[in-house]
Amino acid sequence: MMSEQDSAKGRNRGGVQRVEGKLRASVERGDYYEAHQMYRTLFFRYMAQAKHAEARELMYNGALLFFSYNQQNSAADLSMLVLETLEKSEAKVEEDILEHLVKLFSLMDPNSPERVAFVSRALKWSTGGSGKLGHPKLHQLLAVTLWKEQNYSESRYHFLHSSDGEGCAQMLVEYSAARGFRSEVDMFVAQAVLQFLCLKNKTSASVVFTTYTQKHPSIEKGPPFVQPLLNFLWFLLLAVDGGKLTVFTVLCEQYQPSLKRDPMYNEYLDRIGQLFFGIPPKQSSSYGGLLGNLLNSLMGSGEEEEGEEAQENSSPIELD
């Protein structure tokens, strides 16, 4: 037999469906403003009654409806209310919720300020409102969405904060082919490997390197590789596993001509030296003031397992 609780849930769902039917009819008639206001009224009513799940479902479906009629502002507003239900109810991070959030993100105008605000708030919620950079699965879903939009730079940022080294490599192969010169094929993966290592993610650094070098049509099979920078990365990954400072130091000295191709490489390697080989941080930074603080916080909050100590010892590295 159906329990009293199940029966109540069924009645609630039926009520939501009836309300949604009326709102849908209103939108279909083109009464967008009135429908939007009705959604907001219902949102506050449900929230006052602590019906967070019902409010979330109603706002999510409403946002999808407005997106289907290209009512971007109303849709974005209801998307923000979806996030508010998650924040107020202290909902746990679950994959279906993350997929819903990324669906809303994918439908927003890529150039709208609302999209930036939405993704920032979603990432903050996904880590319990802490200073950390967001749930890895949410980053991965965002990275794939941005990759489909050919927004490779933003996609790479989110891949870096996910655990999907393979997806990152495949995106970088496409990025390199679409936007890079043939002479830069090694540089696309070098930045990713070094940045993953700066975030203390050895596994993804290794996966991104192996997958990229195997799948890129302009890279001959190795190791060893034709490109010195790829050989450096291969040796570096072995050195990180071995943990021998002498090997790391000699490696960085021997490959200086390749490492000078991008002034950030040695910045990354300073940080990698601190994380994996016990090298003390430099007393002075090449960045200062506000920019230095910004980059410090970006790097520091990326290392979840080291907590406050990581934030204090982090060197300012730009991961964009």
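To be clear, the structure that these remarks concern was listed above.
Here the structure is a predicted model, which is why all the values come from computation and not from measurement.

Asks: Looking at this model, I keep getting lost on the packing of helix α10 (residues 185-198) against helix α11 (residues 202-215). Mind explaining?
Replies: For the pair α10 and α11, the least separation of the axes is 7 Å and the interaxial angle reads 165°. Taken together, the axes of α10 and α11 are roughly antiparallel relative to one another. Crossing angle aside, the handedness with which α10 passes α11 is right-handed. Here V185, F188, V189, A192, V193, F196 and L197 of α10 lie close against α11, whose contacting residues are K202, S204, A205, V208, F209 and Y212.

Asks: Is there a simple way to explain the side chain of S126 in this structure?
Replies: Mapped onto the elements, S126 comes out in helix α6 (residues 113-126). Those residues in contact with S126 that sit more than four places away from it in its chain are V93, G134, H135 and L138.

Asks: Teacher, can you tell me more about unusual backbone geometry here?
Replies: Cis peptide bonds are those with omega within 30 degrees of zero, and the linkage from G222 to P223 qualifies with 0°. Its place among the elements puts P223 in the loop between α11 and α12 (228-242). Put simply, P223 and P224 share a cis peptide bond, and its omega is -5°. With respect to the helices and strands, the residue P224 is situated in the loop between α11 and α12. Positioned with a positive phi, A50 is a non-glycine residue whose angle comes to about 60°. Mapping A50 onto the fold places it in the loop between α2 (32-48) and α3 (52-68). Backbone geometry places N70, a non-glycine residue, at a positive phi of 60°. Along the polypeptide, N70 turns up in the loop between α3 and α4 (72-89). The exposed category is assigned to N70, whose relative accessible area is 57%.

Asks: Would you mind showing me how to read the packing of helix α8 (residues 152-160) against helix α9 (residues 165-179) here?
Replies: Relative placement of two packed helices is described by the angle separating their axes and the distance separating the axes. In the contact formed by α8 and α9, the axes pass within 10 Å of each other and the chain directions differ by 160°. Between α8 and α9, the angle is such that the two are roughly antiparallel. For the element pair α8 and α9, the recorded crossing hand is left-handed. Taking contact as the criterion, the partners of Y152, S153, S155, R156 and F159 in α8 are, on α9, G167, C168, M171, L172, E174, Y175, A178 and R179. Residues that form the contact of α8 with α9 fall into these classes: seven nonpolar, three polar and three charged.

Asks: Whenever I open this one, the packing of aromatic side chains confuses me. Can you help?
Replies: The geometry of an aromatic ring pair comes down to the distance between the two centres and the angle between the two planes. Enumeration over the complete set of coordinates arrives at ten aromatic pairs. Ring centres of F232 and Y255 lie 5.6 Å apart, and the angle between their planes is 55°; on these two criteria the pair is classed as tilted. A residue pair is termed long-range when its members are at least 10 positions apart, and F232 in helix α12 and Y255 in the loop between α13 (245-254) and α14 (256-259) qualify at 23 residues. Residue classification places F232 among the buried positions, given a relative accessible area of 0%. Using a relative accessible area of 17% as the deciding quantity, one classes Y255 as buried. Plain terms: the ring middles of W234 and F235 are 4.9 Å apart, the flat faces sit at 35° to each other, and that makes the pair tilted. Under the relative-accessibility criterion, W234 is labelled partly exposed at 27%. Exposure remark for F235: the relative accessible area of 33% places this residue in the partly exposed category. Counting every residue linked through ring pairs, the aromatic cluster contains Y152, Y175 and F188. The ring centre of F105 lies 3.8 Å from the NZ or CZ of R115, which sits over that ring.

Asks: Explain the side chain of E84 to me, please; I cannot follow it from the model alone.
Replies: Tracing the sequence through the fold places E84 in helix α4. The class of E84 is buried, set by a relative accessible area of 18%. Setting aside residues up to four positions removed in sequence, E84 forms contacts with F43, M47 and R121.

Asks: Sorry if this is basic, but what is going on with helix α7 (residues 136-148) here?
Replies: In a regular helix each residue adds 1.5 Å, so 13 residues correspond to 18 Å; α7 covers 19 Å between its end C-alpha atoms and thus fits that length. The inward-facing, buried residues of α7 abut α5 (95-107), α6, α8 and α9. Residue Q150 follows α7 closely and has a positive phi angle near 60°.

Asks: Would you explain the nonpolar core in this entry?
Replies: Within soluble globular proteins, side chains that are nonpolar tend to cluster in buried spots. Counting 50 residues, the largest nonpolar core has F232 and I272 as its most contacted members. At the level of elements, α7, α8, α9, α10, α11, α12, α13 and α15 (264-277) are the ones that each hand at least two residues to this core. It is α10 that contributes the most residues to this core, eleven residues altogether. Apart from residues lying up to four places away in sequence, F232 is in contact with L251, C252, Y255, L259 and L269. Counting 40 residues, the second-largest nonpolar core is a separate cluster that includes F67, V119, W125 and L142.

Criteria and cut-off values
- Residues numbered from 1 in each chain as written.
- Predicted model: local features only at pLDDT ≥ 70, side-chain atom pairs only at ≥ 80, totals over all residues.
- Heavy atoms only, no water.
- Axes fitted to C-alpha atoms, helices over the stretch in contact; angles between N-to-C directions.
- Helix = DSSP H or I, 4+ residues; strand = E, 2+ residues; numbered from the N terminus.
- Parallel < 35°, antiparallel > 145°, perpendicular 65-115°, else oblique.
- Left-handed = near helix turned anticlockwise from the far one by under 90°.
- Contact = heavy atoms within 4.5 Å.
- Buried < 20%, exposed > 50% of the residue type's maximum accessible area, 1.4 Å probe, protein only.
- Nonpolar A, V, L, I, M, F, W, Y, C, P; charged D, E, K, R; others polar.
- Phe/Tyr/Trp six-rings, centres within 6.5 Å; stacked < 30°, edge-to-face > 60°.
- Lys NZ or Arg CZ within 6 Å of the ring centre and 35° of its normal.
- Expected span 1.5 Å × (residues − 1).
- Core = buried A, V, L, I, M, F, W, Y, C linked by side-chain atoms within 4.5 Å.

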